[in-house]
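The chain contents come next:
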Amino acid sequence: FVVNECDAIHPESARVFEENPNLHVDPVKEKGDVDAAFAGAAAVVEGIFSAPVLIHNNLESFGGVVSWDRDGVTAWLSTQGVFSARENLASHLGLPQNQVRVICDHMGGGFGAKTTPGVEASLAARLSREAGAPVKLMPNRAEQALAVGNRPSSTQKIKLAADRDGKLVAFEMLAFGTSGFAASASNAGGSSSANVPMPYIYTVPATRVRQANVALNAGAGRPMRAPAHPPASFGMESIMDELAVKLGLDPVELRLRNDPFEIRRREWKLGAERFGWKEKYRKPGSSPGPVKVGVGCGAATWGGGGRGTQAMVQINPDGTVEVRCGSQDLGTGTRTVVQLVAAEVLQLDPARITALVGDTNYPPSGTSGGSTQTASVGPAIYDACEQAVAELKKASGIEQPLGPRWDEACRKLGTAPLVAHGKWREGLSSRDVGGVQFAEVEVDTETGFVRVRKILCVQDCGLVVNPLTCRSQVNGGVIMGLGYALYEERVMDRASGVVLNNNLETYKLPGAADMPEIDVVFIDMPERGIIGVAEPVTIPTAAAIANAVANALGVRISSLPITPDKVLAALGKITDKNPVAERERELAEAFALVAAASTSKGSS
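Residues numbered from 1 in each chain as written. Predicted model: local features only at pLDDT ≥ 70, side-chain atom pairs only at ≥ 80, totals over all residues. Heavy atoms only, no water.

Student: Help me understand the overall build of the protein chain in this model?
Tutor: Along its length, the protein chain carries 16 helices and 20 strands. Evaluated residue by residue, the protein chain yields a buried proportion of 57% over its 604 residues. Put simply, of all contacts in the protein chain between residues at least 6 apart along the chain, 80% involve residues at least 24 apart. Put simply, the protein chain shows about 24,400 Å² of open surface, and 51% of that area lies on carbon and sulfur atoms. Of the side chains in the protein chain, 60 bear a positive and 66 a negative charge, and the two mean positions are spaced by 2 Å. (Helix = DSSP H or I, 4+ residues; strand = E, 2+ residues; numbered from the N terminus. Buried < 20%, exposed > 50% of the residue type's maximum accessible area, 1.4 Å probe, protein only. Contact = heavy atoms within 4.5 Å. Areas by Shrake-Rupley, 256 points an atom, 1.4 Å probe, with all protein chains shown as cover. Lys, Arg positive; Asp, Glu negative; His and termini not counted. Charge placed at Lys NZ, Arg CZ, Asp CG, Glu CD.)

Structure below.
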């Protein structure tokens with residue numbers, strides 16, 4: 001077996017799949033005359049940037065409770081998609097979908113891996129049938145670390161060039177990563193791919209990108225909050241800072257000259273002023289004393305937007321309202337959104353509205369993923385409420401049943417409630433958001449410890465439906481990015497193939513003592529409709545922190561997480577078994593093998 005990417009790349013290494021080599025190289029993507037652009041550039045920089053596999057350590061593990069009786073299967077699951085889970089369960093169990101009901105009242109975290117049901121639900125269902133009783137199956141932490149999915153790793157060798165004015169002219173990247181046993185030729189380009197979108201964000205006229213996936217005898221990669229974007233941001237923003245230093249340009253100014261997204265350019269300027277960038281930014285490594293202070297920045301892009309969702313509104317004769325929508329609440333506040341949207345359209349106190357979500361017996365909705373939930377649910381609720389008001393006018397004979405005549409109109413319904421249906425419609429949501437972040441850190445050069453003082457997030461997300469839950473999403477995304485930057489990494493033993501840090505004691509996550517000041521500024525744009533915010537806010541955090549550490553020290557830590565041993569090694573304070581030097585030697589050999597494979601005919 002093999003559990004390390006650099007080992008697995010070697011042709012003589014053990015194969016994960018006998019019929020395929022471990023290394024699968026994608027076709028080269030190229031535009032423009034890359035070699036000529038580099039040759040004519042005023043400044044060229046190169047670097048290697050790597051980010052490890054991360055484990056999906058949701059507070060609540062995967063799985064649920066399943067009951068199989070003569071009427072069919074009822075499953076209470078921790079899932080980001082009750083309808084996709086029903087379809088999957090029905091298929092695995094050989095049942096029609098009308099005999100499978102999936103419920104998700106609440107869940108303790110879903111960051112991508114729960115968008116598709118694992119084997120846990122179907123196993124619990126089969127056990128329930130055999131036992132004649134409900135069965136609860138929830139993996140423990142060790143099983144979670146092994147088998148439920150993870151964020152793929154990414155190691156990128158990047159070359160970037162610009163002209164004298166700081167306009168980017170050429171970009172080249174050779175990269176590889178792993179999504180465990182999912183990184184096979186048969187899954188190339190799939191949802192488990194370790195490929196990253198490069199060049200990220202910034203406009204470059206000449207580009208050459210070569211990427212490879214490496215199969216391991218390890219758990220499969222699965223979507224994790226903003227799939228592929230955080231490692232892309234880390235690599236691109238790191239090399240951008242290196243280029244800014246070489247050109248003698250302010251890093252923010254370099255980004256403004258190359259960022260094509262108008263809204264994000266506004267955010268760069270607003271964020272720099274609010275953060276005090278001009279006052280805080282100084283030459284890398286020039287901070288005095290043993291505790292160095294530095295600042296850095298990074299940006300994100302994301303799609304978001306809405307899609308087909310349906311909703312039902314029931315107006316009761318006593319004036320109360322029930323709103324039903326199958327979409328599950330991950331803990332991001334979907335119930336709150338449902339209540340608030342309905343309350344605004346119906347002009348009611350939210351306390352009079354009951355939001356019923358997370359059940360396949362309710363109107364269908366899509367999976368909660370891709371920052372699309374609010375943009376999907378909100379318009380459907382809005383439409384259903386508008387339909388309900390129109391029906392109430394007809395039923396009551398009151399032309400304006402809202403406001404003071406609401407209860408009177410509802411009483412005219414008699415004993416039967418009024419039911420109306422609605423669906424997602426164009427014009428109430430849109431796509432594409434930006435977002436920039438600034439980080440301030442202090443680094444103790446005697447211990448290697450990095451403390452993040454402050455993160456400023458300037459974010460657009462279209463219409464901000466509820467500021468409190470939206471801000472909570474930003475806080476959570478920043479904290480997740482903090483873990484990516486400084487703490488998290490799956491550690492596997494090369495000799496035994498075992499995940500060594502398979503619990504919440506040895507797999508370090510940010511805690512209360514690690515929290516920086518998080519300053520959030522929303523660019524509220526109601527005219528764009530609802531778009532989404534969950535993913536973009538976690539994308540640039542690690543990049544901004546890494547750039548701030550490099551600014552503080554004057555040397556770059558090019559691999560995540562940025563741990564004390566790496567800091568001390570970069571400062572030349574660790575000479576025996578220097579982890580940075582050992583990693584550089586290992587990567588040099590690995591990149592030589594990937595480069596050779598990518599240029600060979602019919603590479604695989």
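Having seen the structure, we can now continue with the description.
Student: For this particular structure, what's the right way to read the packing of helix α13 (residues 467-486) against helix α14 (residues 541-553)?
Tutor: Axis angle and axis distance: for two packed helices, these are the angle between their axes and the distance between the axes, and together they describe the pair. With their axes 7 Å apart at the nearest point, α13 and α14 run at an angle of 50° to one another. Here α14 runs oblique to α13, going by the angle between their axes. The two elements α13 and α14 cross, and the hand of that crossing is right-handed. Between α13 and α14, the residues in contact are G477, V478, G481, L482, Y484, A485 and L486 and T541, A542 and I545, respectively. When the residues that make up the contact of α13 with α14 are grouped by side-chain class, the tally is seven nonpolar, three polar and no charged. (Axes fitted to C-alpha atoms, helices over the stretch in contact; angles between N-to-C directions. Parallel < 35°, antiparallel > 145°, perpendicular 65-115°, else oblique. Left-handed = near helix turned anticlockwise from the far one by under 90°. Nonpolar A, V, L, I, M, F, W, Y, C, P; charged D, E, K, R; others polar.)

Student: How should unusual backbone geometry be read in this particular structure?
Tutor: Most of the time, phi is negative for any residue but glycine, and the peptide bond is trans. Cis geometry is found at the peptide bond from M198 to P199, where omega equals -5°. Inspection of the secondary structure puts P199 in the loop between β11 (168-177) and β12 (206-214). Backbone geometry places I201, a non-glycine residue, at a positive phi of 70°. Within the secondary structure, I201 is located in the loop between β11 and β12. The exposure class assigned to I201 is buried, which follows from its relative accessible area of 13%. Even without a glycine there, the phi angle at S371 is positive, about 55°. Take S371: it is sitting in the loop between β16 (353-357) and α11 (373-396).

Student: What exactly am I supposed to notice about the sheet that holds strand β6 (residues 72-77) here?
Tutor: Backbone hydrogen bonds are what pair the strands of a sheet, in a parallel or an antiparallel way. Spatially, four strands are ordered β7-β6-β5-β8 in an open sheet, and the strand pairing comes out mixed. Bordering the open sheet on either side are β7 (100-103) and β8 (135-137), each of which pairs with just one other strand. In this sheet, neighbouring strand axes are inclined to one another by 15° on average, regardless of whether the strands run parallel or antiparallel. Strand direction decides the pairing type here: strand β5 (residues 64-69) and β8, joined by three bridges, are antiparallel. Bridging across to β8, V65 finds its partner in K136. Relative to the sheet, helix α3 (residues 82-93) contacts β5, β6 and β7, its axis offset from that of β7 by approximately 145°. The strands touched by helix α4 (residues 119-131) are β5, β6 and β8; relative to β5, the strand with the most contacts, the crossing angle is about 40°. (Pairing = 2+ DSSP bridges.)

Student: Explain a nonpolar patch on the surface here, please?
Tutor: The grouping of V491, V498 and L500 at the surface amounts to a nonpolar patch, some 230 Å² of accessible area in total. By the secondary structure assignment, L500 is in the loop between α13 and β20 (517-523). Accessibility expressed as a relative area gives 48% for L500, which makes it partly exposed. (Patch = residues over 30% accessible without salt bridge, like charges linked within 9 Å, V, L, I, M, F, W, Y side chains within 5 Å. Salt bridge = Lys/Arg side-chain N within 4 Å of Asp/Glu carboxyl O.)

Student: Would you explain the nonpolar core in this entry?
Tutor: Generally speaking, nonpolar side chains in soluble globular proteins are found buried as a group. Residues F176, F438 and I545 are the most contacted members of the largest nonpolar core, which totals 112 residues. Here I545 is in contact with A439, V441, V452, I455, L482, A485 and L486, once residues within four sequence places are set aside. Listed in part, the 33 residues of the second largest apolar core include V313, V357, I398 and A420. (Core = buried A, V, L, I, M, F, W, Y, C linked by side-chain atoms within 4.5 Å.)

Student: Where do I start with the sheet that holds strand β19 (residues 450-460) in this structure?
Tutor: Here we have four strands laid out as an open sheet, ordered β13-β18-β19-β20, and mixed in their pairing. Pairing within the sheet leaves two strands with one partner each, and these edge strands are β13 (291-299) and β20. Strand-to-strand twist in this sheet, taken as the mean axis angle between neighbours without regard to direction, amounts to 10°. Where strand β18 (residues 436-444) and β19 come together, eight bridges link them in antiparallel fashion. Looking at β19, one finds that A439 is bridged to I455. This element, α13, spans β18, β19 and β20 of the sheet and lies at about 130° to β20.

Student: For this particular structure, what's the right way to read the packing of aromatic side chains?
Tutor: How two aromatic rings sit relative to each other is set out by the distance from centre to centre and by the angle between their planes. Counting across every chain of the model gives seven aromatic pairs. Members of the aromatic cluster, joined through ring pairs, are W268, F275, W277, Y281 and F438. Its guanidinium or amino end placed over the ring of F38, K159 lies 4.5 Å from that ring's centre, counting from NZ or CZ. Stacked on the ring of Y487, the Lys or Arg K508 has its end atom at 4.4 Å from the ring centre. (Phe/Tyr/Trp six-rings, centres within 6.5 Å; stacked < 30°, edge-to-face > 60°. Lys NZ or Arg CZ within 6 Å of the ring centre and 35° of its normal.)

Student: Any chance you could explain the state of the cysteines here in plain terms?
Tutor: Formally, a disulfide is one covalent bond, and it connects the sulfur atom of one cysteine to the sulfur atom of another. In this structure the tally under the stated criterion is zero disulfides. The structure places no disulfide on C297, whose sulfur is separated from the nearest cysteine sulfur, that of C457, by 13 Å. C297 sits in the buried class, given a relative accessible area of 0%. (Disulfide = S-S within 2.5 Å.)

Student: I keep staring at the pattern of salt bridges and nothing clicks. Help me out?
Tutor: A side chain of one charge can pair with a side chain of the opposite charge when the charged atoms of the two come close. This model, assessed by the stated rule, comprises 27 salt bridges. By sharing partners, the salt bridges in this structure join E30, D35, E172, R208 and R210 into a single network.

Student: Please clarify how the environment of L468 should be interpreted in this entry.
Tutor: Among the structural elements, L468 can be located in helix α13. Remark: the alpha-carbon pair of L468 and F591, spanning 123 residues in sequence, is separated by 46 Å.

Student: Help me out: how do you make sense of helix α10 (residues 334-346) in this one?
Tutor: Within an α-helix, residues lying three or four positions from one another point in the same direction, as the helix has 3.6 residues per turn. Compared with an ideal rise of 1.5 Å per residue, which puts 13 residues at 18 Å, α10 spans 18 Å between its outermost C-alpha atoms and is within 8% of the ideal. Looking at α10, one finds that the buried residues are T334, V337, V338, V341, A342, A343, V345 and L346. Where α10 is buried, its residues contact β15 (321-325), β16, α11 and α12 (406-411). After α10 finishes, the residue Q347 shows a positive phi value of roughly 55°. (Expected span 1.5 Å × (residues − 1).)

Student: Please explain α4 as it appears in this structure.
Tutor: The first and last C-alpha atoms of α4 sit 18 Å apart over 13 residues, in line with the 18 Å expected at 1.5 Å per residue. For α4, every residue scored as buried is listed here: E120, A121, S122, A124, A125 and S128. At its buried positions, α4 is contacted by β5, β6, α3 and β8. In the stretch just after α4, G132 is the one whose phi turns positive, near 70°.

Student: Please clarify how empty space enclosed by the protein should be interpreted in this entry.
Tutor: Using a probe with the size of a water molecule, rolled over the atoms, empty space left in the structure can be pinpointed. Considering all chains together, one arrives at six cavities of 30 Å³ or more under this definition. For the largest cavity, the calculated volume is near 90 Å³. Together, 13 residues line the largest cavity, and G63, S78, P117, G118 and E120 are the ones closest to its centre. Here the residues of the lining of the largest cavity are counted per class, giving five nonpolar, five polar and three charged. (1 Å grid on protein atoms, 1.4 Å probe; cavity = no way out; pocket = protein on both sides within 12 Å on 5 of 7 lines; lining within 4 Å. Points joined across faces, edges and corners; volume = space filled by probe spheres on them.)

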